[in-house]
Amino acid sequence: MPGMVVFGRRWGIASDDLVLPGAFELFIRVLWWIATVVLYATHKGKFDCHGGAVLHSYIVVLLILLAVIILTLCAVVYVSAQGTIMNPGPRRSMPVLVYLRAVLYIPEFVWACLGAVWVSDSSGGCEPAEIGLVIGAVVASWIILLSMILGLLIVFDPLGSLRRPTLIGEASGLRDLQSSESSQLFYTARSLAVRVWESRLRLLCCCLPQDDNHRAAFSSISQLVSGFFSDTDLVPSDIAAGLALLHQEQDKMEHCRDPDDVIPHSPSSPIREDLEVELEKAAHFMQFAVAAYGWPLYVYSNPLTGLCKLSGDCCHNRNTESDLVGGDNFGCNFSSILHVTGLQYRDFIHISFHNQIYEIPFFVALDHKREAVLVAVRGTLSLKDALTDLSAECENLPVEVVSGASYAHKGISQAANYIYKKLVNDGILSQAFSIAPEYRLVITGHSLGAGTASLLAALLHSTYPTLKCYAFSPPGGLMSKALAEYSKQFVISVVLGKDLVPRLSIPNMEDLKRRILKMVSNCNKPKYKILLHGCWYEVFGGTPDDFPTEMENRREEALNQPLLGEESLLVPGSTSYHSISSDDSPTHPTHLPLFLPGRIIYITEEGPSRRHCFSQVRYRAEWSNETAFHSVLISPRMVADHMPDVVHRALCSLTSDRPFSLCPSSHSNSHLNVI
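The present account deals with the structure reproduced in this document.

Parameters at a glance
Each chain carries its own residue numbering, running from 1 in the written order of its sequence. It should be noted that, the model being predicted, local features are given only for residues of pLDDT at least 70 and side-chain atom pairs only at 80 or more, the latter also being counted only at that level, while totals for whole chains, interfaces and linings use all residues. Side-chain descriptors were evaluated using all non-hydrogen atoms of the structure, hydrogens and water having been removed beforehand. Buried means the residue's accessible area, taken with a 1.4 Å probe over protein chains only, is under 20% of the maximum for its type, while exposed means over 50%, and partly exposed covers the values in between. Put simply, DSSP marks the helices as runs of H or I at least four residues long and the strands as runs of E at least two long, and each gets a number from the N terminus on. Any two residues having at least one pair of non-hydrogen atoms within 4.5 Å are treated as being in contact. Any pair of nitrogen or oxygen atoms within 3.5 Å is treated as a polar contact; in protein, a donor-acceptor pairing is required on top of that, and neighbouring residues in sequence qualify only through side-chain atoms on both sides. Note on method: axes are straight lines fitted to C-alpha atoms, helices fitted across the in-contact stretch only, with angles between N-to-C directions ranging 0 to 180 degrees. The labels follow the angle: roughly parallel below 35 degrees, roughly antiparallel above 145, roughly perpendicular from 65 to 115, and oblique for the rest. Here the term charged refers only to Asp, Glu, Lys and Arg, the term nonpolar to Ala, Val, Leu, Ile, Met, Phe, Trp, Tyr, Cys and Pro, and the term polar to all other amino acids, Gly among them. One side-chain nitrogen of Lys or Arg within 4 Å of one carboxyl oxygen of Asp or Glu is enough to make a salt bridge. Here, a strand pair is defined by DSSP locating no fewer than two bridges between the strands. When the strands point away from the viewer and the path from the first strand over the helix to the second turns clockwise, the crossover is right-handed.

**Overview of unusual backbone geometry**
We note that Phe 7 has phi near 55 degrees; this positive angle belongs to a residue other than glycine. You will see that Ser 473, though not glycine, has its phi angle at about 55 degrees, which is positive. By relative accessible area, Ser 473 is classed as buried at 0%.

**Comments concerning the environment of Asn 333**
Within the secondary structure, Asn 333 is located in helix α11 (residues 331–341). C-alpha separation for the pair Asn 333 and Gly 294, spaced 39 residues apart in sequence, amounts to 4.3 Å. Among all residues touching Asn 333, those that are not within four sequence positions of it are Tyr 293, Gly 294, Trp 295, Pro 296 and Phe 353. At a separation of 3.1 Å, a polar atom in the side chain of Asn 333 contacts the main-chain amide nitrogen of Trp 295.

**As for the packing of helix α7 (residues 236–256) against helix α17 (residues 506–522)**
It is the contact of α7 with α17, at a shortest axis distance of 8 Å, that shows an interaxial angle of 95 degrees. Looking at the two axes, α7 sits roughly perpendicular to α17. On α17, the residues touching Asp 238, Ile 239, Gly 242, Leu 243, Leu 245, Leu 246 and Glu 249 of α7 are Leu 512, Arg 515, Ile 516, Met 519 and Val 520. Across the contact of α7 with α17, the residue classes tally to 8 nonpolar, 1 polar and 3 charged.

**Side note on the pattern of salt bridges**
What the rule picks out here adds up to 26 salt bridges. Linking Arg 599 and Asp 274 is a salt bridge whose minimum nitrogen-to-oxygen distance equals 3.0 Å. Highlighted residues: Arg 599 in strand β12 (residues 599–605) and Asp 274 in helix α8 (residues 270–291), separated in sequence by 325 residues. For Arg 599, a relative accessible area of 29% puts it in the partly exposed group. Look at Asp 274 and you get partly exposed, because its relative accessible area is 25%. Arg 637 is paired through a salt bridge with Asp 641; the nearest N and O atoms lie 2.9 Å apart. Overall, the relative accessible area of 26% leaves Arg 637 in the partly exposed class. Several salt bridges share partner residues, and in doing so they unite Asp 16, Asp 17, Arg 91, Asp 238 and Lys 527 into one network.

**Structural notes on the pairing of strand β9 (residues 440–446)**
By the criterion of burial, β9 is predominantly enclosed, with 6 of the 7 residues buried. Of the pairings in the sheet, the one linking β9 to strand β10 (residues 468–472) comprises 5 bridges and is parallel in character. Residue pairing in the sheet places Gly 445 in a bridge with Ala 471 of β10. Note on the crossover from β9 through helix α15 (residues 448–460) to β10: the handedness is right-handed.

Read these as spatial facts, not as claims about activity.
Here is the structure:
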């Protein structure tokens, strides 16, 4: 539903968003009114204390005012609950009710002030219950007024004065809304949105240095974020409702999916043996990716004993350690790395905790167990890392041996180049191989560290042809198709369950937006019912609601056909509007496709998707490919499955319970299928 237009501007709230907040306020007001009526009835309208006459008048007017507010709230809740997201007709009177409710704040404010004056000047000799009622009324009034002001700040849309209803002409069947005026309006709003998001980022990152790198990052991130939903007329609750519907739809499709035909493999199958070997190596190297996070993740993973184990070393300083550690003070970080990896101090060649935008911490060590010179890159752990993540436009990454377009995620590419220069130009790798010339180079990392490790491996592979890279939960929008194919020679990616990050790319997010538009366009239920059932389903599970959605009575191929309701949620003149109107591909044409690196091991949980908190989890793993991650899966596990300790635990479970957890691949080398 497009945002509600009141007081001459559009707000970030729709006319069907007032059911739940209105019902909550109505509940408070009814209790308040009942308590006032009880007090008034027990005194039979007589108050004998000093100022009793004023108190009598105050309570009578308060009862009348509360009754009017309660009736208004009943009307607001009832009207807001009518219709559907795409059928606002039954709610056409909502702006009038909003104006009426806003007017009622004025006498309520005045009466709250009068109540405060009475308590301070004229309450002497009155019963505590009488004084308590007035104080409660004053406090409740101020809390509600302040909550209203906070709510206005939350739903305030800085672009509200530039938005226009996009349904003009739709009621009469007109579809030619792509006028120069609407296009100019869209681009004006887009420019203002970029400036607004730049201001927000500067405010959020006010503690960071405002150098050229940060200013460039703010500019590119604001363009990316402002452009995502700027061509739609959705409010946040519409997006939440669309995500709830999409999650249930995906679960229904998963439950109705026919079991995959599994091609049997003998226990000595090369595919099975290859998977077992790589899983064992991945479980081993994952501990180094976890260790790269330093003491925060160590304490998080060991909440009872972590601080005690590190406390003796956090402030400890060795004279020789300054030769190894670059950047910030290492203290607890280095101690946690020693605990997690089990390595000795002498095994470390270089450790850097220096952290800036496009410059992330890493360490180089000798892994004697696997005879490897190991480079471990840290994942996202700071606001600077988040800015590196969000610098998601493409940047050329020249790799001489790659035939075809060679480009990658800008922020991660620059981070890989930073570490590459450190390793090569500063002679760190040369020093390591002078100590252990027979060892092979292994690079690993998790999340941002996995993406950086993959690109770093691509840069180093021609110099170190035996190099291997283990990327855990790498970002989906990482590298071009040509680079991804090249990386399959030396990169192993590990993805767990419904992890969001390996499915994150700009084309995937555009596809998610398209599906949300179709969901909210097709559903014939009120939004409050969608949200209530969605919350219940996320927390307690159950059966997905049988709302009409994008898959009902249609084949999946028909999803590319535009819907009238979907088009009405798009701003005329925007790229998405032109795309849907012309039946083009929903993928945003201005963004180059980016892919996951290397060969992919996909790990999933066995058994039901929902389980008891303390039930044992069993995993299965098999080879997959990048096409399995072209759609974002909505799930409560989409964040939890990305956590490095969860990934590490899954890998350890697989390698310790291998005969029952490993699943032979059911695909040939040229065609991979995903469970």
